[in-house]
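If you want the building blocks of each chain, they are given just below.
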Amino acid sequence: MHFGLEYYLVLAAVLFSIGLYGALAKRNAVAILMCIEIMLNAVNIALVAFSRYLVPNVVLLTGQVFAIFVITVAAAEAAVGLAIIIAIYRSRQSVDVEQVDSMKE
Amino acid sequence: MTVELAFWILSPLMVGAALAVVLLRDIFRAALLLVLSFFAVAGIYVTLNADFLAAVQVLIYAGAIGILLIFAIMLTRNVKEGNPFNRLKIPALVVSLLVLATVIGVIVSTDWTTVSKVSQSVVVPLDQPTTGYIATALFDQNKGFVLPFEIASVLLLAALIGAIVLVRDRNSKE
């Protein structure tokens, strides 16, 4: 198999799984947010790889435009997510997601 | 080939940094390594002929989001707790390995046929910079993304106002 699309897709899959593992298994809310950013980066790599390799010898720009929108939404998500984490820290002095369970009671 | 060499240098760096983000106990070091992995992703974009996206990645991810995460860690710093796992450590590992195996199986077994030409999208020759063409792809009247672009600007405004409202100190209201 010569170097091409599959290599980038496997790389994106590995990065996505690492992010998924961290997002599921971490207790610190900031760490979970960091792992979500890793997952979004993995998706972006897959999009840009498709935009490069779908048509041979040219770059198809639709995938890159989608990646730009993903980056925009990721920036908004990071800002709001961190604001929520700081608000939770103010009221509870903790960012442990296992202690933020008042809606369970 | 240069692209292949760059890929094999950048991808272990990126995967190693991402693994360290998940496994390190010190969350501040984890955030610094996350920024390193963002830089490696920018390098991967360069190997994919996405020069504009590489610049955007460095500016927004490594710059803005990295700084924002480090700010949040400083404001919520809890040295004793660090960056521990919860009690789902083993099930989460099993689930993510299953996802990885499924996705890699699909990637390897699929025959990724390429098409020779497309009609509805902007294409760039491999030796050209993509920045100008991205402007065409975003704002072209027939095949552009003008409405999603406007919606993205409204989303950013909403996120900006929402973040300010969430972290405002309500006790200091006069």
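Residues numbered from 1 in each chain as written. Chains lettered and ligands numbered in written order. Predicted model: local features only at pLDDT ≥ 70, side-chain atom pairs only at ≥ 80, totals over all residues.

## Remarks on the overall build of chain A
When helices and strands are counted, chain A shows 3 helices and 1 strand. When its helices and strands are written in sequence order, chain A yields α-α-β-α. Once the C-alpha set of chain A is aligned to its principal axes, its extents read approximately 55 × 25 × 20 Å. Relative to its 105 residues, chain A shows a buried fraction of 57%. Taking all contacts inside chain A whose residues are at least 6 apart in sequence as the whole, residues at least 24 apart take part in 48%. (Helix = DSSP H or I, 4+ residues; strand = E, 2+ residues; numbered from the N terminus. Buried ≥ 20, exposed ≤ 12 C-beta atoms within 10 Å, placed from the backbone. Contact = placed C-beta atoms within 7 Å.)

## Here's the deal with the domain arrangement of chain B
With domains assigned, chain B is organised as domain 1 (1-83) and domain 2 (129-174). Here the C-alpha centroids of domain 1 of chain B and domain 2 of chain B sit 23 Å apart. (Domains from an automatic or database assignment.)

## Things to note about the packing of helix α3 (residues 62-92) of chain A against helix α5 (residues 131-139) of chain B
Viewed as axis vectors pointing N to C, α3(A) and α5(B) meet at an angle of 80°, and their least axial separation amounts to 10 Å. Between α3(A) and α5(B), the interaxial angle falls into the category roughly perpendicular. Across the interface between the two elements, A:T62, A:Q64 and A:V65 of α3(A) pack against B:I134, B:A137 and B:L138 of α5(B). Taken together, the residues that form the contact of α3(A) with α5(B) break down as 4 nonpolar, 2 polar and no charged. (Axes fitted to C-alpha atoms, helices over the stretch in contact; angles between N-to-C directions. Parallel < 35°, antiparallel > 145°, perpendicular 65-115°, else oblique. Nonpolar A, V, L, I, M, F, W, Y, C, P; charged D, E, K, R; others polar.)

## Thoughts on the interface of chain B and chain A
At the interface, 75 residues of chain B touch 65 residues of chain A. The dominant element in the side of chain B that touches chain A, judged by the number of residues it contributes, is helix α4 (residues 89-109) of chain B, at 11 residues. Each residue belonging to the side of chain B that touches chain A can be placed in one class, and the counts come to 60 nonpolar, 11 polar and 4 charged. Examined bridge by bridge, strand β1 (residues 58-60) of chain A and strand β1 (residues 123-125) of chain B share 3 bridges and lie antiparallel to one another. In the strand pairing of β1(B), A:V59 is matched with B:V124. (Pairing = 2+ DSSP bridges.)

## Considering the packing of helix α2 (residues 27-47) of chain B against helix α3 (residues 51-75) of chain B
Any two packed helices are characterised by the angle at which their axes cross and by the distance between the axes. Residue and element names in this part refer to chain B. The contact between α2 and α3 brings their axes to 8 Å, and the two run at 175°. Here α2 is positioned roughly antiparallel relative to α3, judged by the angle of their axes. Judged by residue contacts, I27, F28, A31, L34, V35, F38, F39, V41, A42, Y45 and V46 of α2 engage D51, L53, A54, Q57, V58, Y61, A62, G66, L69, I70 and I73 from α3.

## Some details on helix α1 (residues 5-25) of chain A
With 21 residues, α1(A) ought to run about 30 Å at 1.5 Å a step, and its terminal C-alpha atoms sit 30 Å apart, in line with that. Taken across its 21 residues, α1(A) has 15 buried, putting it largely inside the fold. (Expected span 1.5 Å × (residues − 1).)

## Some details on the nonpolar core
Across soluble globular proteins, nonpolar side chains have a tendency to be buried as a group. In terms of nonpolar packing, the biggest core is built from 78 residues, with A:A12, A:L15, A:V30, A:M34 and A:I45 touching the most fellow members. There are two domains that each give this core at least three residues, and those are domain 1 (1-83) and domain 2 (129-174) of chain B. In contact with A:M34, not counting residues within four places along its chain, are B:V21, B:A30, B:A31, B:L34 and B:L69. (Core = buried A, V, L, I, M, F, W, Y, C linked by C-beta atoms within 7 Å.)

## Some thoughts on helix α2 (residues 29-53) of chain A
The first and last C-alpha atoms of α2(A) sit 37 Å apart over 25 residues, in line with the 36 Å expected at 1.5 Å per residue. The element α2(A) is largely enclosed, with a buried count of 23 among its 25 residues.

## Side note on unusual backbone geometry
Of note in the backbone geometry, A:Q93 takes a positive phi value of approximately 55° without being a glycine. Along the polypeptide, A:Q93 turns up in the segment after α3. Assessed through the 10 C-beta atoms surrounding it within 10 Å, A:Q93 is described here as exposed. In this model, B:N49 sits at a positive phi of 60°, which is unusual for a non-glycine residue. Residue B:N49 is classed as buried on the basis of its 22 C-beta neighbours within 10 Å.

## Let's talk about the environment of A:F69
Along the chain, A:F69 turns up in helix α3. When the C-alpha atoms of A:F69 and A:L20 are compared, they prove to be 21 Å apart, with 49 residues separating the residues in sequence. For A:F69, the residues in contact, after removing those within four places along its chain, are B:P148 and B:A152.

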